[in-house]
Each structure stands twice: as structure tokens, then as C-alpha cells.
Amino acid sequence: MEFPITIRFKILTLAPKLYVTDAAGQSVGFVRQKLFAFREAVTVFADETEAIELYKINADRIIDWSANYHLTNATGHEVGTIRRRGARSLWRANYEVFIGDRQIFEIREASALVRFLDLVIGEIPLIGLFTGYFLNPVYNVTRSDEALALKIVKHRSFLESRFLVEKLADISPEEQECVLLSIMMMVLLERRRG
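In short, a report on the structure. (Residues numbered from 1 in each chain as written. Predicted model: local features only at pLDDT ≥ 70, side-chain atom pairs only at ≥ 80, totals over all residues. Heavy atoms only, no water.)

**Here's the deal with the sheet that holds strand β3 (residues 27-32)**
Spatial ordering of the closed barrel is given by β1-β2-β3-β4-β5-β6-β7-β8-β9-β10-β11-β12, a layout of 12 strands whose pairing is antiparallel. Averaged over neighbouring strand pairs, the angle between their axes works out to 20° when direction is ignored. Here six bridges tie strand β11 (residues 148-155) to strand β12 (residues 160-167), and the two strands are oriented antiparallel to one another. The residue of β12 that forms the bridge with I152 is V165. (Pairing = 2+ DSSP bridges. Helix = DSSP H or I, 4+ residues; strand = E, 2+ residues; numbered from the N terminus. Axes fitted to C-alpha atoms, helices over the stretch in contact; angles between N-to-C directions.)

**Brief notes about the pairing of β11**
As judged from the five bridges shared by strand β10 (residues 138-142) and β11, these two strands associate in the antiparallel manner. Along β11, the bridge assignment pairs V138 with V153. Here β10 folds back onto β11, and the loop between the two strands holds five residues, one of which, E146, carries a positive phi near 70°.

**A short note on the side chain of S182**
Positionally, S182 belongs in helix α3 (residues 173-190). Not counting chain neighbours up to four residues away, the residues in contact with S182 comprise L71, I82, V97 and I107. (Contact = heavy atoms within 4.5 Å.)

The following block contains the structure:
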């Protein structure tokens, strides 16, 4: 897998579909999220044919205020966990990424102002449709010592959201697998923002 990784999805669809490709344009994963599920359950496939199942992401509760999302591979082995920080995520998106009991990364939105403006302007009829074109969040993925490892940038878009994941520091293959799945789940949870 070559960085940067591109994650994209269509905004105006009933069931969100997430396409993940690497720098060479090769499919890294595909997700079609279920419409009506009491508890968040996501399956990551190798590509959009949905022939090869790679991972599953399952929430530990129905309400996702501070839910844990367990990441497992196709054999059922746990890859890691991502936890949404409920109160902290009101001002800016904030997620913790774990392998076992050890927190390895934190995904944090860089600007609370962009989130606030997106929430306010997004509620204005017609104008709210265009917030994805001029309000583009940036997310920093840092280690527990605050060292920046990855950066996620949402690019301007109108009918499709596109995120670019750039690697800024060396990370192990085990960490890379866990954090990429965590980023995919974070994008699904934050997709309402366009």
C-alpha cells in the first residue's frame, strides 16, 4: 500500500459507499454501510465486487456518544479499537485508536472554528449544500507523545467527498492496518458534514 491514500464517497446516496485507493490507484478497501442498523456494523471488502471480505468494524453499543468500535480481520482476530470521545467531539472531532489496551494514536480535528461554521452554515437552506466546497476539515493523527504521524485533509467537493491521507512519519504495518481502518470509520461517522 502506497501513500497518500484516497478515501471518497458520494454525498447524495441512501446507503453510503466508501472507496479507498492507494497512490497507485489500487483498491485498498470498499465499504457499503447498511441503512437501518440498530448497532453500527461495517464490513470492509477488498473492492466493490464485495467478493473478498477483509475486515469487520462493530460498535459495542447502540448509541455512539462514546462508543468503542472493534476492528477485526476476516478470521476474527482483533486488529484494534477506535473510541469516539463524546464530549470532546462536540467542539472538534476526537477519536482514540488502540491496539489491545495500548493507545497508539489520537485522531483530532485541527480547527474547532471550521466545525462550528460547518454546523451553523450547514443548517441554512440551499447555502448549507455548499459547505463541503468551502469548509474543509483537516484531521491530525498523533502518537501519544503528540508526534504527528498522519494528516487527513478533506478536499473541496460538491457531490462527492474526498479525503487524502498523508503519511508524515514511519508507522509499523500493524499500526498502519489499525489506523487506516480507524480513519475509515471516522470518515463514516463524520460524513454527515459533507
